[in-house]
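The primary structure of each chain is shown beneath.
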Amino acid sequence: MPAMKRWTVDVFVDEDEQGHTYAEARLHSGAATRLTGVGRARLDPADADVPEIGDELAAARALTDLGHRLLVTTAGDLQAVTRAHVHLRQ
């Protein structure tokens, strides 16, 4: 059985004084490809200020973006190997 591979994702979250939250999800796969997903959230002035919610939303969006970028990268890799058009669905 081949050795198990370990991929990790680091999620970095920051916010500013205006209620904007920014997150980056960085994939570390051990390969040369480096992928980063980005997510943002903002506090609606009519809503209560609960920072954890903004963190969760920005992180979720960053992870979703990262997943999409990984699919696009995979499709490109498959096209390079097969020399045929590839369309991957989620």
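Because the structure is a prediction, the values reported are computed rather than measured.

Caption draft 1: Seen up close, the pairing of strand β3 (residues 35-42). Only one face of β3 is buried, namely the one carrying Leu35, Gly37, Gly39 and Ala41, since none of Thr36, Val38, Arg40 and Arg42 on the opposite face is buried. Direction of pairing for strand β2 (residues 20-28) relative to β3: antiparallel, over a ladder of eight bridges. Within β3, the residue paired with tyrosine 22 across the bridge is arginine 40.

Caption draft 2: Fine view of the pattern of salt bridges. By the definition in use, this model includes two salt bridges. Note that arginine 26 is salt-bridged to glutamate 24, the shortest N-O span being 2.6 Å. Classification of arginine 26 by relative accessible area gives partly exposed; the value is 33%. When the shortest N-O distance is used, the salt bridge between aspartate 65 and arginine 69 registers 2.8 Å.

Reading the values: the criteria
- Residues numbered from 1 in each chain as written.
- Predicted model: local features only at pLDDT ≥ 70, side-chain atom pairs only at ≥ 80, totals over all residues.
- Heavy atoms only, no water.
- Buried < 20%, exposed > 50% of the residue type's maximum accessible area, 1.4 Å probe, protein only.
- Helix = DSSP H or I, 4+ residues; strand = E, 2+ residues; numbered from the N terminus.
- Pairing = 2+ DSSP bridges.
- Salt bridge = Lys/Arg side-chain N within 4 Å of Asp/Glu carboxyl O.

Nothing here speaks to function; it is all geometry.
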